[in-house]
Amino acid sequence: MSNDEVIVGDSDDSVIPDAVIHVELASWITDSAAIRHIRDSVFVVEQNVPENDEWDDLDALSVHVLARDQDGRAIGTGRLTPQQTIGRVAVLREWRGRHVGDALMVRLIDLARERRYPDVALHAQTHALAFYRRFGFVAEGGEFDECGIQHQTMGMQLEPFTPREAAASAASSETAADTVFDAPSSARAAVLDILRGTRNELAIFSHDLDPVTLDTVDALDELKRIAILGAQARIRVLIRQPASAVVNGHRLIALARRLPSMIAMRTPTDPGDLQLTSSFIVNDRAGFTCRQQADRFEGTANLHAPGRHRQLLELFEQVWARSEPSVELRGLEI
């Protein structure tokens, strides 16, 4: 299955009234179970796509969306990849014909425009060409077989958001577009923005305390500011590989030694938690920065994104409850 294939069930007009749904940004870290359920149901079970073809490395790097019904149940999904392609758009069988696919496509196209992509492409099953033409996609090249299904490449030029559209988009959503970063310098800037926006509480989930972003003079100044604000100050840090941070003399560990009542550090012990590959920081003003792969610098950040912030904080709390002080950090009495 190609990295931008699209299979969707809303390819025809329907007399069924529009359903009460909403489409939200999703996190591969916290929403992968819901995304997998939908894509397994549509692609693997219905379309007989081999599982090895369905799942790829781009999932961890892509922007995902989820459509939910009025009860919050996930009923549709799709993704926008770093290659500027829309793909993996799927709607559960019982929700097809209710314009869920339309809502997903509108959100994904808007996300591409918000990121100033000049164009976007997709692979469409040939029976759904009319569906994608409604959004402005144009067929390119000839048909081809993929996973036993006939497909057609389609592309569309994008107009950038006007100021009025951008304001309307922000007003109609709980969050403005995420900032995307892909280099050490921009990752450092994103982390510093989150630290500067913190009032009293900060949660850090890291592999080795991210020395490139957290062991800097500016970052440590902000961490110290937060830690000495008063009785309400609390910085919690989860480190999957504390030995590495200790050996490298990370200055946040020295700061925690001086302020153990304000800075708490733990190490995950659950095998599943130790397999998590992400690195993220959330503050107490609904801000976050997140890298899906801790050893890479591609990621997203947002100074105010309540939905995504809530998802990351819930994951942090779950792992924190299962974690404990590590042998390497016991000397800090934390």
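Cut-off values and rules
- Residues numbered from 1 in each chain as written.
- Predicted model: local features only at pLDDT ≥ 70, side-chain atom pairs only at ≥ 80, totals over all residues.
- Heavy atoms only, no water.
- Helix = DSSP H or I, 4+ residues; strand = E, 2+ residues; numbered from the N terminus.
- Buried < 20%, exposed > 50% of the residue type's maximum accessible area, 1.4 Å probe, protein only.
- Areas by Shrake-Rupley, 256 points an atom, 1.4 Å probe, with all protein chains shown as cover.
- Core = buried A, V, L, I, M, F, W, Y, C linked by side-chain atoms within 4.5 Å.
- Pairing = 2+ DSSP bridges.
- Axes fitted to C-alpha atoms, helices over the stretch in contact; angles between N-to-C directions.
- Contact = heavy atoms within 4.5 Å.
- Salt bridge = Lys/Arg side-chain N within 4 Å of Asp/Glu carboxyl O.
- Arc of directions from axis to C-beta.

Draft legend 1. The overall build of the chain, seen in detail. The secondary structure content of the chain amounts to 12 helices and 15 strands. Across the 334 residues that make up the chain, the buried fraction comes to 50%. Of the accessible surface of the chain, which amounts to about 15,100 Å², a share of 50% is contributed by carbon and sulfur atoms.

Draft legend 2. Broad picture of the nonpolar core. Ranked by size, the top nonpolar core spans 30 residues in total, and within it Leu 80, Ile 86, Met 105, Ile 109, Tyr 132 and Phe 137 carry the most contacts. Sorting the residues of this core by element identifies β3 (63–69), β4 (74–80), β5 (86–91), α3 (100–114), β6 (119–125), α4 (129–133) and β8 (149–157) as the ones contributing at least two each. With seven residues, the top contributor of residues to this core is α3. Judged by nonpolar contacts, the second largest core, of 23 residues, contains Val 191, Leu 195, Leu 202 and Ile 226.

Draft legend 3. Just the sheet that holds β4, in detail. Across the sheet, which stays open at both edges, the four strands sit in the order β2-β3-β4-β5 with antiparallel pairing between neighbours. At either end of the open sheet lies a strand with only one pairing partner, and these are β2 (21–26) and β5. For this sheet, the mean angle separating the axes of adjacent strands, direction not counted, is 15 degrees. Pairing between β3 and β4: six bridges, direction antiparallel. For Val 65, the partnering residue across the bridge sits in β4 and is Gly 78. Sitting on the sheet, α3 is in contact with β2, β3, β4 and β5, with an inclination near 155 degrees to β5.

Draft legend 4. Summary view of the pattern of salt bridges. Within the structure shown, the criterion is met by 22 salt bridges. One salt bridge in this structure joins Asp 56 and Arg 79, with 3.1 Å as the shortest N-O distance. On the criterion of sequence distance, the pair formed by Asp 56 in the loop between α2 (51–54) and β3 and Arg 79 in strand β4 is long-range, its members being 23 residues apart. For Asp 56, a relative accessible area of 24% corresponds to the partly exposed category. It is possible to trace a salt-bridge network through shared partners that takes in Arg 39, Glu 54, Asp 56, Asp 59, Arg 79 and Arg 88.

Draft legend 5. Representation of the pairing of strand β12 (residues 263–266). Side chains Ile 263 and Met 265 project from β12 onto a buried face, and the interleaved Ala 264 and Arg 266 project onto a face without burial. Pairing of strand β11 (residues 234–239) with β12 involves four bridges; the strand directions are parallel. Its bridge partner lying in β12, Val 237 is registered against Met 265.

Draft legend 6. Local environment of helix α8 (residues 217–227). Ala 219, Leu 220, Glu 222, Leu 223, Ile 226 and Ala 227 are the residues of α8 that are buried. Viewed end-on, α8 has its buried residues packed into an arc of 160 degrees, placing them on one side of the element. Where α8 is buried, its residues contact α6 (184–196), β10 (201–206), α7 (211–214), β11, α10 (251–258) and β12.

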